[in-house]
Amino acid sequence: QVELAESGGDWVQVGGSLRLSCVVSGTIFSPNIGGWFRRPPGKERELVAYITSGGKSNYADSVKGRFTISRENAKNTVVLQMDSLKPDDTGVYFCHFFQSDSNYWGQGTQVTVSP
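What you see is a predicted model, and the numbers here were worked out from it, not measured in a lab.

Rules of the game
Residues numbered from 1 in each chain as written. Predicted model: local features only at pLDDT ≥ 70, side-chain atom pairs only at ≥ 80, totals over all residues. Heavy atoms only, no water. Phe/Tyr/Trp six-rings, centres within 6.5 Å; stacked < 30°, edge-to-face > 60°. Helix = DSSP H or I, 4+ residues; strand = E, 2+ residues; numbered from the N terminus. Buried < 20%, exposed > 50% of the residue type's maximum accessible area, 1.4 Å probe, protein only. Lys NZ or Arg CZ within 6 Å of the ring centre and 35° of its normal. Core = buried A, V, L, I, M, F, W, Y, C linked by side-chain atoms within 4.5 Å. Contact = heavy atoms within 4.5 Å. Polar contact = N/O pair within 3.5 Å; in protein donor to acceptor, adjacent residues only side chain to side chain. Pairing = 2+ DSSP bridges. Axes fitted to C-alpha atoms, helices over the stretch in contact; angles between N-to-C directions.

Enquirer: Please explain the packing of aromatic side chains as it appears in this structure.
Expert: Two descriptors summarise a pair of aromatic rings, namely the distance from one centre to the other and the angle between the planes of the rings. Within this structure, the stated rule accounts for 1 aromatic pair. Aromatic side chains Phe 37 and Trp 105 sit 5.0 Å apart centroid to centroid with 65° between the ring planes, which places their arrangement in the edge-to-face category. Placement of the pair is Phe 37 in strand β4 (residues 33–39) and Trp 105 in strand β10 (residues 102–105), with a sequence separation of 68 residues. In this structure Phe 37 comes out as buried when scored by relative accessible area, which is 18%. Over the ring of Trp 105 we find Arg 45, and its NZ or CZ is 3.8 Å from the ring centre.

Dropping the structure here:
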């Protein structure tokens, strides 16, 4: 069993930065994928970025060049650095972890970007 604990959501003005962290605990296997999704107000959940256990990453077009996903393997943590934030980045951000054909989700953390 895997559990995810997110932190870092907050209110920020346009152009600001936030750093989201997701600590993965439990029995972890490789290969695996850690990532972040978000659910904007009134919209469906969407992929933001993911990173494999091998270090390959991928981003939604809307965040390329502004967000950076990374892993701190010694701490079993997946980090999403968000810069140049826009109002459209507002939403609930969910940590996601995939391994051994199983999906795990965090509870979500609120990010609000004010104009």
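Enquirer: Even after reading the chapter, I still don't get the nonpolar core, so can you show me in this structure?
Expert: Taken as a class, soluble globular proteins show a tendency for nonpolar side chains to be buried jointly. Residues Trp 36, Leu 80, Met 82 and Tyr 93 are the most contacted members of the largest nonpolar core, which totals 26 residues. At the level of elements, β1 (2–7), β3 (18–26), β5 (46–52), β7 (67–72), β8 (77–82), β9 (91–99) and β11 (109–114) are the ones that each hand at least two residues to this core. If one sorts the elements of this core by residue count, β3 sits on top with 4 residues. Residues contacting Tyr 93, with those up to four places away along its chain left out, are Glu 6, Leu 20, Trp 36, Phe 37, Arg 38, Val 48, Phe 67, Leu 80, Met 82, Gly 108, Thr 109 and Val 111.

Enquirer: Would you explain the environment of Gln 110 in this entry?
Expert: Looking at the element boundaries, Gln 110 is found in strand β11. A relative accessible area of 39% means that Gln 110 is categorised as partly exposed. Taking the C-alpha atoms as reference points, Gln 110 and Val 92, 18 residues apart in sequence, are found 4.4 Å from one another. Leaving out residues up to four positions away in the same chain, Gln 110 has contacts with Gly 9, Asp 10, Thr 90, Gly 91 and Val 92. Reaching out from Gln 110, the side chain makes a polar contact with the backbone oxygen of Gly 91 at a distance of 3.4 Å.

Enquirer: Explanation requested: the sheet that holds β7 in the structure shown.
Expert: The strands making up a sheet associate through hydrogen bonds between their backbones, and the pairing can be parallel or antiparallel. Reading across the sheet, the 4 strands line up as β1-β3-β8-β7 and stay open at both edges, with antiparallel pairing between neighbours. Every other strand in the sheet has two partners, leaving β1 and β7 as the edge strands with one partner each. Between one strand axis and the next, the sheet turns by 15° as a mean value, whatever way the strands run. When β1 meets β3, the two strands line up antiparallel, connected through 6 bridges. Across the sheet, Ser 7 pairs through a bridge with Ser 21, a residue of β3.

Enquirer: Could you clarify how one ought to interpret the pairing of β8 in this entry?
Expert: The two faces of a sheet get side chains in turn, since along a regular strand they alternate between them. Of all 6 residues in β8, 5 are buried; the element is thus mostly enclosed. Inspection of the sheet shows β3 paired to β8 by 6 bridges, in the antiparallel sense. Opposite Cys 22, over in β8, you have Val 78 as the bridge partner. In terms of strand pairing, β7 meets β8 through 6 bridges, oriented antiparallel.

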